[in-house]
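# Coordinates in review
Chain residues, written in single-letter form:
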Amino acid sequence: MIKKLFGILALSLSCSVAVAAEAGYPLESAPNRITDMPALQNGAKLFVNYCLNCHSANSMRYNKLTEIGLTDEEIRKNLLFTGEKVGDLMTIAMTPADGKQWFGATPPDLSVTARALSTNLGPSGTDYIYTYLRTFYRDVNRPTGWDNLVFPSVGMPHALWQRQGHTQVERTTVAEAVDADGKTSWVRTVTNFDQYGFSSSKKETLPADYKDGASESVKYTPVNASQAKEFASDVADLSNFMQWMAEPVQNTRKKIGYAVIGFLLIFFFVAWRLNKAYWRDIK
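Residues numbered from 1 in each chain as written. Predicted model: local features only at pLDDT ≥ 70, side-chain atom pairs only at ≥ 80, totals over all residues. Heavy atoms only, no water.

### Quick word on the overall build of the protein chain
Note the threshold: In this description a helix means any DSSP run of H or I spanning at least four residues, a strand means any run of E spanning at least two, and both kinds are numbered starting from the N terminus. We compute the radius of gyration over the C-alpha atoms and compare it with the globule rule, which gives 2.2 Å times the number of residues raised to the power 0.38. Between buried and exposed lies partly exposed: a residue is buried under 20% and exposed over 50% of the maximum accessible area for its type, with that area taken using a 1.4 Å probe on protein chains only. Contact between two residues is taken to exist if any of their heavy atoms lie within 4.5 Å; hydrogens are not considered. The method behind every accessible area is Shrake-Rupley, applied with a 1.4 Å probe, and residues are considered shielded solely by the protein chains displayed. Positive residues here are Lys and Arg, negative ones are Asp and Glu, while His and the chain termini are left out of the count. Note that the charge is assigned to NZ on lysines, CZ on arginines, CG on aspartates and CD on glutamates.
Helix and strand counts for the protein chain come out as nine helices and eight strands. At 25 Å, the protein chain has a C-alpha radius of gyration far larger than the 19 Å of a compact globule built from 283 residues. Considering only C-alpha atoms, the protein chain reaches an extent of 90 × 65 × 40 Å along its principal axes. The proportion of buried residues among the 283 residues of the protein chain is 33%. Across the protein chain, every contact between residues at least 6 apart in sequence was considered, and the portion connecting residues at least 24 apart equals 63%. Accessible surface, the protein chain as shown: approximately 17900 Å² in total, 57% of it carbon and sulfur. Once the 30 positive and 28 negative side-chain charges of the protein chain are each reduced to a mean point, those two points are 10 Å apart.

Shown next as structure tokens:
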């Protein structure tokens, strides 16, 4: 039985490592603001105004936001717009069928997304959301006019683009190519997307002694750096709010965990001293 438990643990850890290794665009670490009440309140505002139009949060009630410092009156005045009650769930009017027809896939419920995207030995779901929302770029060839570096060919448009401002992307790939004569060579392709989503590509055949193999790199550049910095702070607030929403009691859980570990350490010391005293005269 013990061997099976260790086997399951090892398998889960190896799967976590594999998921982390398979990731494409590198995820950035989100600022930790899970105990910052003003940040969580700003995240709640952004979530209701920008996310709750297409995405639901069916496991969260509006009055649960009192746990991050909001009053019922503040919730009613600033976060309820279509006649909902403070005790209602965060539902939306759009049906799953309409969402699939309009976006190609039903927009997922975001109640526990931050936990669902987390890995045991890798980036957290908060890191994923933080990076994902900051790596949209315009692409006129996409149905919505937008694409994403973390989630390529995403069906979701960039709901926060006005807050972020324009961006530019330069994607560089090196891959083997076969010409008309059947000869292989390494070719570098540089594709640029301007702030309006129009792309241009340039190809270059590398020297015959090239040995670095295939590669891909992306340069993501905001047009307005100061606006992008402010946007990054807003996304950090939104990401941390979604982390809190996925488990509102997590801060309490951690405090209880520290207390339990402290108790066990003290109990271990007492048990160790008792054991030593009990066996002191027995040889």
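Having seen the model, we can carry on.
### Notes on the pairing of strand β6 (residues 184–193)
Formally: By definition, two strands form a pair when at least two bridges between them are found by DSSP.
Inspection of the sheet shows strand β5 (residues 167–178) paired to β6 by ten bridges, in the antiparallel sense. Directly across from Glu170, in β6, lies its bridge partner Asn192. Taken together, β5 and the strand that follows it, β6, pair antiparallel across an intervening segment of five residues, in which Gly182 is found at a positive phi of about 85°. For β6 and strand β7 (residues 199–205), the ladder comprises seven bridges, and the chain directions are antiparallel. The partner of Val187 across the bridge, within β7, is Thr205. What sits between the antiparallel neighbours β6 and β7 is a turn of five residues, in which Gly197 has the positive phi angle 95°.

### Focus on the packing of aromatic side chains
Selection rule: For this analysis, a ring pair means two rings from Phe, Tyr or Trp (six-membered ring only for Trp) whose centres lie within 6.5 Å, classed as stacked if their planes differ by under 30 degrees, edge-to-face if by over 60, and tilted for the remaining angles.
In this structure the tally under the stated criterion is ten aromatic pairs. Ring plane angle 50° and centroid distance 5.6 Å describe the contact between Phe47 and Phe241, whose orientation is recorded as tilted. Placement of the pair is Phe47 in helix α2 (residues 37–51) and Phe241 in helix α8 (residues 225–246), with a sequence separation of 194 residues. Like Phe47, the residue Phe241 is buried in the burial classification. Through successive ring pairs, a cluster of aromatic residues spans Phe47, Phe241 and Trp244.

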